[in-house]
There are 2 protein chains.
Amino acid sequence: MSPRTLHLNAFLMGVGHHEAAWRHPRTDPALITDVRHYRRLAEIAERGRLDSVFFADGLALQGDVRHNALGTPEPLTLLAALAAVTEHIGLIATVSTTYNEPFHVARKFASLDHISGGRAGWNIVTSAGEAEAHNFGIERPAHAARYQRATEFLDVVTKLWDSWEDDAVLRDRNGGRYADSGKIHAIRHAGDHFGVTGPLNISRSPQGHPLLVQAGSSQDGIEFAARHAEAVFTAQQTLEDGQEFYADLKGRLARYGRRPEQVVVLPGISPIIGSTEREALRLEKELEDLIIPAYGLAQLSQMTGIHLGEDDLDGPLPDVGVETEGAQSRRRLVVELARREGLTVRQLLGRLAGGRGHRVVAGTPEQIADQIQLWFENGAADGFNIMPPILPDGLADFVDHVVPELQVRGLFRTEYTGRTLRENYGLDRPASRFAATSGERHDLVVAS
Amino acid sequence: MSPRTLHLNAFLMGVGHHEAAWRHPRTDPALITDVRHYRRLAEIAERGRLDSVFFADGLALQGDVRHNALGTPEPLTLLAALAAVTEHIGLIATVSTTYNEPFHVARKFASLDHISGGRAGWNIVTSAGEAEAHNFGIERPAHAARYQRATEFLDVVTKLWDSWEDDAVLRDRNGGRYADSGKIHAIRHAGDHFGVTGPLNISRSPQGHPLLVQAGSSQDGIEFAARHAEAVFTAQQTLEDGQEFYADLKGRLARYGRRPEQVVVLPGISPIIGSTEREALRLEKELEDLIIPAYGLAQLSQMTGIHLGEDDLDGPLPDVGVETEGAQSRRRLVVELARREGLTVRQLLGRLAGGRGHRVVAGTPEQIADQIQLWFENGAADGFNIMPPILPDGLADFVDHVVPELQVRGLFRTEYTGRTLRENYGLDRPASRFAATSGERHDLVVAS
Ligand SMILES: Cc1cc2nc3c(=O)[nH]c(=O)nc-3n(C[C@H](O)[C@H](O)[C@H](O)COP(=O)(O)O)c2cc1C
Ligand SMILES: Cc1cc2nc3c(=O)[nH]c(=O)nc-3n(C[C@H](O)[C@H](O)[C@H](O)COP(=O)(O)O)c2cc1C
């Protein structure tokens, strides 16, 4: 068996993950809607042999736009553009199951998978924000209801992806037979949330199923991940929390007949890189000095449902509890961080400014690599979700200085060995569920 | 004033518009999901200085996949990929108002408009097919109801596009002010079909509004076009029908305070090109010989709701009437064509095979140019929707032989003069409706 190696995903966000990145002299906030910026980022990631790039998403203008460069393009649109100008890098888009229809989502990801030659991935989210619901004429459904809908949604989407068997397309020009309709199946789904006859209107895509990624760490979220996800993004502040999450998730897989290596766990890390430790700390300090407290308060409110004002900045975090119908795991993380370290609200906002709850590590390339190796070799990670504080520079620094260090240590690939996102992550291509029962029962009724 | 010049849109569809194109030796049906094929088509269109490329769309596997190369990528995804590798050509995607949410649609087109530097266009359709409804858990809404929803849908989408004024983004790094929230407006739409608070989560796009295109020619459809559309695709078989449609549509504009030159009328034409007339007719005959009647019958059924069998092929079209809850204008066109020319069903299918009801013209480049000029100069067209029978060859032949002929006649541009799709079509950029009433009433409430 080949030695276990790291997986690295570049989490791309505007001009950087630090909330003050747009104010830093090394960024240009005019680039947040410019495809050339994202193309450059994808090319840097590909130069570093990373597994994939990823865009988060929300369906409302969330956060305080007065004080941050918000309003980036819709991820699927942007990744389709990047598909045309890259070759190896995986393309992971966030799409909500709460405010979409499974037919559209199945089709768009199958299209992206075709267009990219098998590099599409879907970060499945249930949309924790209240403002999102108000752009779709409803109130935010309860947390449990969102995950129930997500489960049925996944069922429909994967059936649609399977609805054309791999060998359904014949292309028999002389015989006039384009496809074997016995291998294209109506799915006839009729459930609590969706009624979808199918089949999909595009053939089975190179990966069979675009890669399924998940990013919610509540109890419902972890259970959903154990059942469906092939890669999991998570925010973990300490090695112990990371180990606990990792063991918890991997331990739940057997229940669904899955093996531990079928799910790749990727905690977030925001690396603040300097050629010396002092240089790294200087960059961290420069960013910290650009923070606007009003923005952090709005962000805290939107992300965790904890609503505070400027008067609260120098006191401790009030005892607000961890329950919420919003993003449960993020609220828990924030409350526990403040308690554990006895932070004032202002200090807490400083800690969240770098990565919204993800771990921030400032140091030399070697120090960053040490942290990555530590988690990777001690049961806390199969790889990392890399969240550069400033873009493109932070990604270029990671690729040019940390990646070579990881390669020297034998922890990371030096060349791509496959062509698909699944191959990058070492994950199998699923068979169509209809392939075995072909013919009779499910076959498509075509008008004749 | 500059002389009136033609507008040309390349209507791209798989390996060609002729239903037997996939069987012809000059095509390769394996390309229908290959982004390189579409890239090549876009590059050819751009080489010919065409205004735009366009993809139609349906939300179900419609037609008989046993006998045609169906299953092309979702248009917005595909056009986003083409945005990254083209510079001037407009990118028009079909999206249904019946099975979508306005927030998603507004956002995706604004994203495509940003990514392409102002080249996005939306072909607004109401989805006439019954199978489409069944992929969204409902029965097909009635024709009038679909257009009512479309009207409210447009209202919401354009409000969202206007929700950020053009000068809302400040990017004041020193002052820490990214945007002026007084120029970003909640839209607070509460209507019969939609409740959308807004604002959009992306800034106003280069064109202000991506170009609005429309393609239904029923009474409801024409009225909708008169009110909203800036370009109109239409299927017209004869010069007289074309003139009547043109006059009808242009005549309705005043009612909405619009001028005739604010809407570009583009009838479809499928040019079968040969260097001699005989060569053109030979290509037409080759394609005709590859037709599969079962496919034409399924297509007729799907497109017009007229359900016939192989036994009906050699009789006249039964008296089925023109009423339908499906695509009214297409049904009318087909029934009238059969009656006017006294066609058998088989002959009718032959006539529809080339362009599904659009006009097919076989001839030399000069003959094709003559037809284009005739309609253009006689009140039937402002330009054409070019539907090559086979792709890429049919488009290359048009660009390399018909376009130069049109240029020599002074009817078509020899260079692009603008950068946006609106500039290609000579249409103004709309102002944000909120720009005048700025401030107080509509301003965004940001958490503080
Ligand atoms: C790395 C990472 C990325 C995420 N990206 C998104 C996102 O783009 N959109 C979103 O709505 N939620 C995102 N989430 C949040 C979750 O997916 C989920 O929607 C939210 O946390 C609520 O789930 P929970 O209550 O299970 O934690 C992300 C979480 C993580 C760890
Ligand atoms: C050139 C052209 C392209 C069209 N493309 C589409 C399409 O992609 N999807 C669609 O549902 N209808 C399409 N239509 C049909 C109409 O937009 C409309 O949905 C249908 O004809 C019903 O409208 P009507 O009853 O007003 O004719 C197209 C029509 C024309 C003339």
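Residues numbered from 1 in each chain as written. Chains lettered and ligands numbered in written order. Predicted model: local features only at pLDDT ≥ 70, side-chain atom pairs only at ≥ 80, totals over all residues. Heavy atoms only, no water.

1. Description of the overall build of chain A
Then, number 1: Looking only at helices and strands, chain A features 14 helices and 13 strands.
Then, number 2: Over its C-alpha trace chain A gives a radius of gyration of 22 Å, about what one expects of a compact globule, namely 22 Å for 448 residues.
Then, number 3: Sorting the 448 residues of chain A into buried and exposed places 63% on the buried side.
Then, number 4: Across chain A, the fraction of contacts at a sequence separation of at least 24, relative to all contacts at a separation of at least 6, is 79%.
Then, number 5: Here chain A has roughly 15900 Å² of accessible surface; of this, 47% comes from carbon and sulfur atoms.
Then, number 6: The positive charge centre, built from 47 side chains, and the negative charge centre, built from 60, are 4 Å apart in chain A. (Helix = DSSP H or I, 4+ residues; strand = E, 2+ residues; numbered from the N terminus. Rg over C-alpha atoms; globule rule 2.2 N^0.38 Å. Buried < 20%, exposed > 50% of the residue type's maximum accessible area, 1.4 Å probe, protein only. Contact = heavy atoms within 4.5 Å. Areas by Shrake-Rupley, 256 points an atom, 1.4 Å probe, with all protein chains shown as cover. Lys, Arg positive; Asp, Glu negative; His and termini not counted. Charge placed at Lys NZ, Arg CZ, Asp CG, Glu CD.)

2. Some words on the relation of the copies chain B and chain A
The operation relating the pair of chain copies consists of a rotation about an axis and a translation along that axis.
Then, number 1: Once chain B has been moved 0.0 Å along the axis and rotated by 180°, it coincides with chain A to within an RMSD of 0.0 Å. Classification of the inter-copy transformation places it as that of a two-fold axis. Distance from the rotation axis, computed per C-alpha, reaches its smallest value in chain B at B:A81: 1.9 Å.
Then, number 2: Comparing interface residues between copies, 100% of those in chain B also lie at the interface in chain A; the contact surface is shared. (Least-squares fit on C-alpha atoms with pLDDT ≥ 70 in both.)

3. Some words on helix α10 (residues 328–341) of chain A
All names here are of chain A.
Then, number 1: Compared with the 20 Å implied by 1.5 Å per residue over 14 residues, the 20 Å span of α10 between its first and last C-alpha is a close match.
Then, number 2: Inspection of α10 places R331, L333, V334, V335, L337 and A338 among the buried residues, and these make up the whole buried set.
Then, number 3: Where α10 is buried, its residues meet α9 (293–304) and α11 (345–353).
Then, number 4: Positive phi shows up at G342, right after α10, with a value of about 55°. (Expected span 1.5 Å × (residues − 1).)

4. Overview of the nonpolar core
Then, number 1: If you look at the biggest cluster of nonpolar residues, it comprises 190 residues, and the most contacted ones within it are A:L50, A:W122, A:L395, B:L50, B:W122, B:L395 and B:L406.
Then, number 2: Apart from residues lying up to four places away in sequence, A:L50 is in contact with A:L8, A:A10, A:A45, A:I89, A:L395, A:V399, A:V403, A:F412, A:R413, A:Y416 and A:N424. (Core = buried A, V, L, I, M, F, W, Y, C linked by side-chain atoms within 4.5 Å.)

5. Remarks on the side chain of B:N68
Then, number 1: Examined against the element boundaries, B:N68 turns out to sit in the loop between β2 (52–55) and α2 (75–83).
Then, number 2: Looking at B:N68, the relative accessible area reads 10%, which means it is buried.
Then, number 3: Of note is the side chain of B:N68, whose polar atom sits 3.5 Å from the backbone oxygen of B:E19.
Then, number 4: B:N68 has contacts with A:Y178, B:E19, B:W22 and B:Y295, leaving out every residue within four places of it along the chain. (Polar contact = N/O pair within 3.5 Å; in protein donor to acceptor, adjacent residues only side chain to side chain.)

6. Notes on the UniProt feature "domain: Luciferase-like" (unreviewed entry) in chain A
Then, number 1: UniProt records the feature "domain: Luciferase-like" (unreviewed entry) at residues 27–380 of chain A, using the numbering of this structure.
Then, number 2: Between the C-alpha atoms that bound residues 27–380 of chain A there is a distance of 32 Å. The span itself is 41% helix and 14% strand. (UniProt positions renumbered as here; feature names shortened; annotations may be inferred.)

7. Observations regarding the interface of chain B and chain A
Then, number 1: The interface of chain B with chain A comprises 82 residues on the first partner and 82 residues on the second.
Then, number 2: Taking both sides of the interface into account, the surface hidden between chain B and chain A amounts to around 6300 Å²; carbon and sulfur atoms contribute 58%.
Then, number 3: The interface formed by chain B and chain A contains four salt bridges.
Then, number 4: Put simply, chain B and chain A have 34 residue pairs in polar contact (both at pLDDT 80 or more) between them.
Then, number 5: Those elements giving two or more residues to the side of chain B that touches chain A turn out to be α1 (35–47), α2, α3 (102–115), β5 (169–172), β6 (177–179), β8 (195–196) and α9 (293–304) of chain B.
Then, number 6: Residue contributions to the side of chain B that touches chain A peak at eight residues, all from α3(B).
Then, number 7: For the side of chain B that touches chain A, the residue count by class is 40 nonpolar, 28 polar and 14 charged. (Buried area = accessible area lost by both parts, 1.4 Å probe. Salt bridge = Lys/Arg side-chain N within 4 Å of Asp/Glu carboxyl O. Nonpolar A, V, L, I, M, F, W, Y, C, P; charged D, E, K, R; others polar.)

8. Brief notes about the site of ligand 1
All names here are of chain A.
Then, number 1: As a structural note, the neighbourhood of ligand 1 is formed by 25 residues, with D57, H143, Y147, S218 and S329 the closest of them.
Then, number 2: Here an oxygen atom of ligand 1 and a backbone polar atom of A215 are 3.0 Å apart.
Then, number 3: Take S217: an N or O atom from its main chain is 3.4 Å from an oxygen atom of ligand 1.
Then, number 4: Notes on ligand 1: free accessible area 610 Å², of which the protein chains cover 92%.
Then, number 5: When residues of the shell around ligand 1 are assigned to their parent elements, the largest contribution, three residues, is made by α10. (Near = heavy atom within 4 Å.)

9. As for helix α7 (residues 239–252) of chain B
All names here are of chain B.
Then, number 1: With 14 residues, α7 extends 20 Å from end C-alpha to end C-alpha; this agrees with the ideal 20 Å at 1.5 Å per step.
Then, number 2: Of all the positions in α7, only L239, G242, F245, Y246, L249, K250 and R252 are classed as buried.
Then, number 3: Where α7 is buried, its residues touch α6 (219–228), β10 (231–234), β11 (264–273) and α12 (365–377).

10. Quick notes on the pattern of salt bridges
Residue and element names in this part refer to chain B.
Then, number 1: This model, assessed by the stated rule, comprises 66 salt bridges over all chains.
Then, number 2: When the shortest N-O distance is used, the salt bridge between D393 and R26 registers 2.9 Å. Of this pair, D393 sits in helix α13 (residues 393–408) while R26 sits in the loop between β1 (7–12) and α1, and the two are 367 residues apart along the sequence.
Then, number 3: Residue classification places D393 among the partly exposed positions, given a relative accessible area of 24%.

11. As for the site of ligand 2
All names here are of chain B.
Then, number 1: The immediate surroundings of ligand 2 are formed by 25 residues, with D57, H143, Y147, S218 and S329 found nearest.
Then, number 2: In the model, an oxygen atom of ligand 2 is placed 2.6 Å from a nitrogen or oxygen of the D57 main chain.
Then, number 3: Note that an oxygen atom of ligand 2 is positioned 2.4 Å from one of the side-chain N or O atoms of S329.
Then, number 4: For ligand 2, the accessible surface in isolation is 600 Å², of which the surrounding protein chains cover 91%.
Then, number 5: Broken down by secondary-structure element, the contributors of at least two residues to the shell around ligand 2 are β4 (120–125), α5 (143–162), β10 and α10 (328–341).
Then, number 6: With three residues, the top contributor of residues to the shell around ligand 2 is α10.

12. What about the confidence of the model for chain A?
Low pLDDT marks stretches whose predicted atomic positions should not be read closely.
Then, number 1: For chain A, the average pLDDT comes to 94, and 97% of its residues sit at 70 or higher.
Then, number 2: The ipTM for the predicted assembly is 0.95, set against a pTM of 0.95. (pLDDT = per-residue confidence, 0-100.)

13. Digging into unusual backbone geometry
Then, number 1: With an omega dihedral of -5°, the bond running from A:G198 to A:P199 counts as a cis peptide bond.
Then, number 2: Tracing the backbone shows A:P199 in the loop between β8 (195–196) and β9 (211–214).
Then, number 3: The backbone of A:R356 shows a phi angle near 50°, a positive value even though the residue is not glycine.
Then, number 4: The exposure class of A:R356 is buried, given its relative accessible area of 14%.
Then, number 5: You will see that B:S127, though not glycine, has its phi angle at about 60°, which is positive.
Then, number 6: As for its position among the elements, B:S127 is in the loop between β4 and α4 (130–133).
Then, number 7: On the basis of relative accessible area, B:S127 is assigned to the buried category, the value being 6%.

14. Concerning the side chain of B:S217
All names here are of chain B.
Then, number 1: Tracing the backbone shows S217 in the loop between β9 (211–214) and α6.
Then, number 2: On the accessibility criterion, S217 (16% relative accessible area) is buried.
Then, number 3: Within the structure, the side chain of S217 is placed 3.1 Å from the side chain of T234, a separation counted as a polar contact.
Then, number 4: Non-local contacts of S217, meaning those with residues more than four positions away in its chain, are made with I222, F233, T234, F245 and S329.

15. What about the packing of aromatic side chains?
Then, number 1: Per the stated rule, a full pass over the model turns up 24 aromatic pairs over all chains.
Then, number 2: With 5.0 Å between their ring centres and 15° between their planes, A:Y99 and A:F136 make a pair best called stacked. Taken together, the positions of A:Y99 in the loop between β3 (90–96) and α3 (102–115) and A:F136 in the loop between α4 (130–133) and α5 (143–162) put the pair 37 residues apart, joining distant regions of the chain. For the pair A:Y99 and A:F136, one class covers both residues: buried.
Then, number 3: Ring pairing ties together the aromatic residues A:F109, A:W122, A:F153, A:W161 and A:F194, which thus form one cluster.
Then, number 4: Stacked on the ring of B:F376, the Lys or Arg B:R4 has its end atom at 3.9 Å from the ring centre. (Phe/Tyr/Trp six-rings, centres within 6.5 Å; stacked < 30°, edge-to-face > 60°. Lys NZ or Arg CZ within 6 Å of the ring centre and 35° of its normal.)

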